[in-house]
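Chain by chain, the residues:
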Number of protein chains: 2
Amino acid sequence: MPPANPAVDAAEVAALLDRGRTLSTPVLRAAVDRLAKPMDTVAAYHFGWIDALGRPADGDGGKAVRPALALLSAEVAGAPPETGVPGAVAVELVHNFSLLHDDLMDGDEQRRHRDTVWKVHGPAQAILVGDALFALANELLLELGTVEAGRATRRLTVATRKLIDGQAQDISYEHRERVTVEECLEMEGNKTGALLACSASIGAVLGGADDRTADALEAYGHHLGLAFQAVDDLLGIWGDPESTGKQTWSDLRQRKKSLPVVAALAAGGPASEQLGELLTADAKSQDFDSFSEEEFATRAALIEEAGGRDWTAEEARRQHTVAVGALDRVDMPARVRDQLTALADFVVVRKR
Amino acid sequence: MPPANPAVDAAEVAALLDRGRTLSTPVLRAAVDRLAKPMDTVAAYHFGWIDALGRPADGDGGKAVRPALALLSAEVAGAPPETGVPGAVAVELVHNFSLLHDDLMDGDEQRRHRDTVWKVHGPAQAILVGDALFALANELLLELGTVEAGRATRRLTVATRKLIDGQAQDISYEHRERVTVEECLEMEGNKTGALLACSASIGAVLGGADDRTADALEAYGHHLGLAFQAVDDLLGIWGDPESTGKQTWSDLRQRKKSLPVVAALAAGGPASEQLGELLTADAKSQDFDSFSEEEFATRAALIEEAGGRDWTAEEARRQHTVAVGALDRVDMPARVRDQLTALADFVVVRKR
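Here is what the cut-offs are and how they apply
Numbering of residues begins from 1 in every chain and follows the order in which that chain's sequence is written. Throughout, the order in which chains and ligands are written sets their labels, letters from A for the former and numbers from 1 for the latter. This being a predicted model, a pLDDT of at least 70 is required before a residue's local features are given, and a value of 80 or more before pairs of side-chain atoms are given or counted; all residues contribute to the totals for chains, interfaces and linings. The basis for every side-chain value is the complete set of heavy atoms in the structure, and neither hydrogens nor water enter the calculation. Comment: elements are numbered from the N terminus, with helices defined as DSSP H or I runs of at least four residues and strands as E runs of at least two. A radius of gyration in this sense is built from C-alpha atoms; the matching globule rule multiplies 2.2 Å by the number of residues raised to 0.38. A simple rule labels every residue: compare its accessible area, found with a 1.4 Å probe on the protein chains alone, to the largest value its type can have, and call it buried under 20%, exposed over 50%, or partly exposed in between. We get accessible surface area from the Shrake-Rupley algorithm with a probe of 1.4 Å; when it comes to residues, only the shown protein chains can shield them. Residues reaching a pLDDT of at least 70 in both copies supply the C-alpha atoms on which the copies are superposed by least squares. The criterion used for residue contact is that any of the two residues' heavy atoms lie within 4.5 Å. Salt bridge, as applied in this entry: a Lys or Arg side-chain nitrogen positioned within 4 Å of an Asp or Glu carboxyl oxygen. Pairs were defined over the aromatic rings of Phe, Tyr and Trp, the Trp ring being its six-membered one, requiring ring centres within 6.5 Å. Orientation was assigned from the angle between planes: stacked under 30 degrees, edge-to-face over 60, tilted for the rest. In this analysis the charged atom, NZ for Lys or CZ for Arg, is taken to sit over a ring once it is within 6 Å of the ring centre and within 35 degrees of the ring normal. Residue-level confidence of the predictor is summarised by pLDDT, bounded by 0 at the bottom and 100 at the top. Summed over both partners, buried area is the accessible surface (1.4 Å probe) that two parts give up on being assembled. What qualifies as a polar contact is a pair of N or O atoms within 3.5 Å, subject to a donor-acceptor requirement within protein and to the restriction that residues adjacent in sequence count only when both atoms come from side chains. Axis angles are defined between N-to-C directions and span 0 to 180 degrees, where every axis is a line fitted to C-alpha atoms and, for a helix, only to the segment in contact. When an angle is under 35 degrees it counts as roughly parallel; over 145 it counts as roughly antiparallel; between 65 and 115 it counts as roughly perpendicular; any other value is oblique. Handedness of a crossing is defined here by the sense of rotation of the near helix relative to the far one, left-handed for an anticlockwise turn of less than a right angle and right-handed for a clockwise turn. Just so you know the grouping, Ala, Val, Leu, Ile, Met, Phe, Trp, Tyr, Cys and Pro go in nonpolar, Asp, Glu, Lys and Arg go in charged, and all remaining residues, Gly too, go in polar. Nonpolar core, defined: a set of buried Ala, Val, Leu, Ile, Met, Phe, Trp, Tyr and Cys residues in which side-chain atoms within 4.5 Å join the residues together.

Peer 1: What should I look at first to understand the overall build of chain A in this one?
Peer 2: When its secondary structure is counted, chain A shows 16 helices and two strands. For 352 residues, the compact-globule estimate of 2.2 N^0.38 gives 20 Å, and chain A sits close to it at 20 Å. For chain A, the proportion of its 352 residues judged to be buried stands at 56%. Total accessible area on chain A stands at roughly 14,200 Å², and carbon and sulfur atoms take up 50% of it.

Below, the structure written as structure tokens:
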């Protein structure tokens, strides 16, 4: 893992994430309650608030980096964190719209240790509830009825289109033997960067910030998203299953062309070539699903030997640096700047 | 068919539909061109601009009632018809987003005599391109950057949520033996009424009309949508295949619980009861797919005998009357009022 900044104050980051969750969850739940039956129940299942039988559950709502960013973003504009709440909720709704549709398109049966919505409630409900969450996101912002809300919705819409572009790229890359590092970064910028960029700016926009400020915050969020994804790609191969909750070599088992893989393949040299031959054979192999731990360990070792692991860790640090640097373009209270920096640090040192 | 108003000027209606198509299609095509590959191609196929092999095609873009309404709606507010164009295109994008997703959810393999997108390009592209068209609709409106555009987007978002609610109801009704007339009307109001309501008001909103005017135009469009759907339900059973391009007894073959059917079942009396018994048996029948023309003719005759056909024709007239009546609540040029009335007349006397 890249020890980006050893000075991360874990308690402060935990408090920021907690504040985001605490302020946005009631508004998110009230929004989901607006959905007609049975979509409200399907959405509540997806968010982990009830189980497949409809019994109340205490779901793992994820790390909640996006709501935390949206609230801090409002404070950049000198507004109270509460001003960012509709933005935080709208971003979460769009994020979950994309999860519902992506899980169906990708055929993924599990998310956060639970069966995915299409698996439990069928493909039609996954499509329908995804659509409804997307619409709800716009509704929630636009019913504020302000000029700022219109600007925020426009930025969210642009981010959503990038999200969709990224998923289209992800799908098309699956059918290709080789993906360049640039293509992989572009896809990750769309799939992860765009919505983090929006999270980091939407609160400021709702708080009346000008476009220059919003653009700088978007740059921070975009590069933070790329750093986040680089770390995710490292954890997807070398993460500790105890921490991540995923299988060992998780991304390798899914034949994901993640950053360490494409960087290793692009590096050249004996390990890179050997890896390329193995992965080409794997793509045609009938036995892939019964591969042993050692076979994945061999591939992971080749990726590391070819430099894919180091390159990705370095990339996380590079993106982290650019992200934090973008904050210099904005005038903001020192405390808010420190907190945005702490969140960026957290993203690159996290273990899950 | 309900001879709602014998004074429909066919040439004038054709000119209005043509104007809507002519002004909105180039903007729609430019919007679709913004989509990343391969979504642009998939969308162009859906709109009928290219065939499944990518060759240019001269697709049937449908009746284009919605764009015609959006342009007239701008004129209600005293704006030129061009003011309504972004609204017309946004509504068409949302309409086609819903077609892409609904065809997949319903497993429909044909639309306008062509294979549906999910059939040609796979389910993932149908989901993805649908999502992209929905996002594009909001983008197109919001990049106008005006307060009016924000209000228009908000109304479009509310209509989209109703569209989604209507599809959710439609799906849930499929699994039920009985659906009440009220439930059927509510579903049709959501699936057809909401977007026609938005079409009829969005141009006015973009042209600066106040909420009272927009609400009255929405009422006109909503009831027009219900009249439109009642006529559609009549054509779905008794339409001339030569005109509709559909099979004989089309809706009966699909076991659709359309208005004539639910009205006939609700009517009571010997024909109603006999129909109910037949449809209950049909739902369990293994031979349904090999039913003869006569078996469907028997069911159609029972629906008619029980009063379902007359009731639906009467309902189309009632909704038409309410729609046209709503125009009285708005001050507008006499020519525009006549044209909105002519469009309403056209909707109820059409044969396809």
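Peer 1: Is there a simple way to explain the relation of the copies chain A and chain B in this structure?
Peer 2: Two copies of one chain are present, and they are related through a rotation about an axis combined with an axial shift. Overlaying chain A with chain B gives an RMSD of 0.0 Å, the required rotation being 180° about an axis along which the chain moves by 0.0 Å. Given the turn and translation reported, the copies of this chain are related as if by a two-fold rotation axis. Residues of chain A ranked by C-alpha distance from the rotation axis are headed by Gly-150 of chain A, positioned 2.7 Å from it. The share of interface residues of chain A whose copies in chain B are also at the interface is 100%, consistent with both copies meeting through the same surface.

Peer 1: Please clarify how the pattern of salt bridges should be interpreted in this entry.
Peer 2: A pair can form between side chains of opposite charge whenever their charged atoms are brought close. On inspection of all chains with the given rule, the structure shows 52 salt bridges over all chains. Measuring nitrogen to oxygen at the nearest pair gives 3.0 Å for the salt bridge that ties Arg-34 of chain A to Glu-139 of chain A. Here Glu-139 of chain A lies in helix H6 (residues 123–142) and Arg-34 of chain A lies in the loop between helix H1 (10–32) and helix H2 (39–46), a separation of 105 residues in the sequence. For Arg-34 of chain A, a relative accessible area of 35% gives the class partly exposed. Relative accessible area serves as the criterion here: at 9%, Glu-139 of chain A is assigned to the buried category. Ionic pairing is found between Glu-139 of chain A and Arg-161 of chain B, a salt bridge with its closest N-O pair at 2.7 Å. Placement of Glu-139 of chain A in helix H6 and of Arg-161 of chain B in helix H7 (residues 147–174) is noted, with the two residues assigned to different chains.

Peer 1: Would you mind going over the packing of aromatic side chains with me for this structure?
Peer 2: Each aromatic ring pair is specified by the distance between its two centres and by the angle formed by the two planes. Scanning the model with the defined rule gives 11 aromatic pairs over all chains in all. Centroid distance Phe-97 of chain A to Phe-134 of chain A: 4.7 Å. Interplanar angle 25°. Geometry classified as stacked. One end of the pair, Phe-97 of chain A, is in helix H4 (residues 85–106); the other, Phe-134 of chain A, is in helix H6, and 37 residues separate them in sequence. Phe-134 of chain A matches Phe-97 of chain A in its accessibility class, with the two residues each being buried. With a centroid separation of 4.8 Å and an interplanar angle of 15°, the aromatic rings of Phe-47 of chain B and Trp-49 of chain B are classed as stacked. When sorted by exposure, Phe-47 of chain B lands in the same class as Trp-49 of chain B, which is buried. By the ring-pair criterion, three or more aromatic residues cluster together here, those being Phe-97 and Phe-134 of chain A together with Phe-97 and Phe-134 of chain B. The ring of Phe-228 of chain A has Arg-350 of chain A sitting right over it, with the charged end atom 3.8 Å from the ring centre.

Peer 1: So what exactly am I meant to see when it comes to the confidence of the model for chain A here?
Peer 2: Fine structural detail should not be taken from predicted coordinates in areas where pLDDT scores are low. When pLDDT is averaged along chain A, the result is 94; 97% of the residues meet or exceed 70. Taken as a whole, residues 1–6 of chain A scores under 50 in pLDDT and shows 18 contacts with residues more than four places along the chain or in a different chain.

Peer 1: When you look at the interface of chain A and chain B in this model, what are you seeing that I'm missing?
Peer 2: Interfaces are frequently sized by the accessible area removed from exposure as the parts join. Facing the 32 residues of chain A at the interface are 32 residues of chain B. Overall, the association of chain A and chain B removes approximately 2,900 Å² of surface from exposure, summing both partners, and the carbon and sulfur fraction of that is 74%. Here chain A is connected to chain B by two salt bridges. Taken together, chain A and chain B are joined by four residue pairs in polar contact (both at pLDDT 80 or more).

Peer 1: Can you walk me through the environment of Gln-169 of chain B in this structure?
Peer 2: Residue and element names in this part refer to chain B. Residue position: Gln-169 is located in helix H7. Contact partners of Gln-169, with chain neighbours within four places excluded, come to Glu-186, Met-187 and Asn-190. Of the polar contacts made by the side chain of Gln-169, one reaches the side chain of Asn-190; its length is 3.1 Å.

Peer 1: Quick question: what am I supposed to make of the packing of H6 of chain A against helix H4 (residues 85–106) of chain B here?
Peer 2: Packed helix pairs are specified by the crossing angle of their axes together with the interaxial distance, meaning the distance between the axes. Packing of H6 of chain A against H4 of chain B brings their axes to within 9 Å, and their N-to-C directions diverge by 160°. With respect to H4 of chain B, the element H6 of chain A is oriented roughly antiparallel. Seen along the crossing, H6 of chain A lies across H4 of chain B with a hand that is left-handed. Side by side, H6 of chain A and H4 of chain B meet where Ala-124, Ile-127, Leu-128 and Asp-131 of chain A of the first sit next to Phe-97, His-101, Leu-104 and Met-105 of chain B of the second. Across the contact of H6 of chain A with H4 of chain B, the residue classes break down as six nonpolar, one polar and one charged.

Peer 1: Looking at this structure, how should I read the nonpolar core?
Peer 2: Nonpolar side chains in soluble globular proteins tend to be buried together. Of all hydrophobic cores here, the largest spans 110 residues; its most connected members are Leu-93, Leu-133 and Leu-156 of chain A together with Leu-93, Leu-133 and Leu-156 of chain B. Setting aside chain neighbours within four positions, we find Leu-156 of chain A in contact with Ala-90, Val-91, Val-94, Ala-137, Asn-138, Leu-141, Leu-195 and Cys-198 of chain A.

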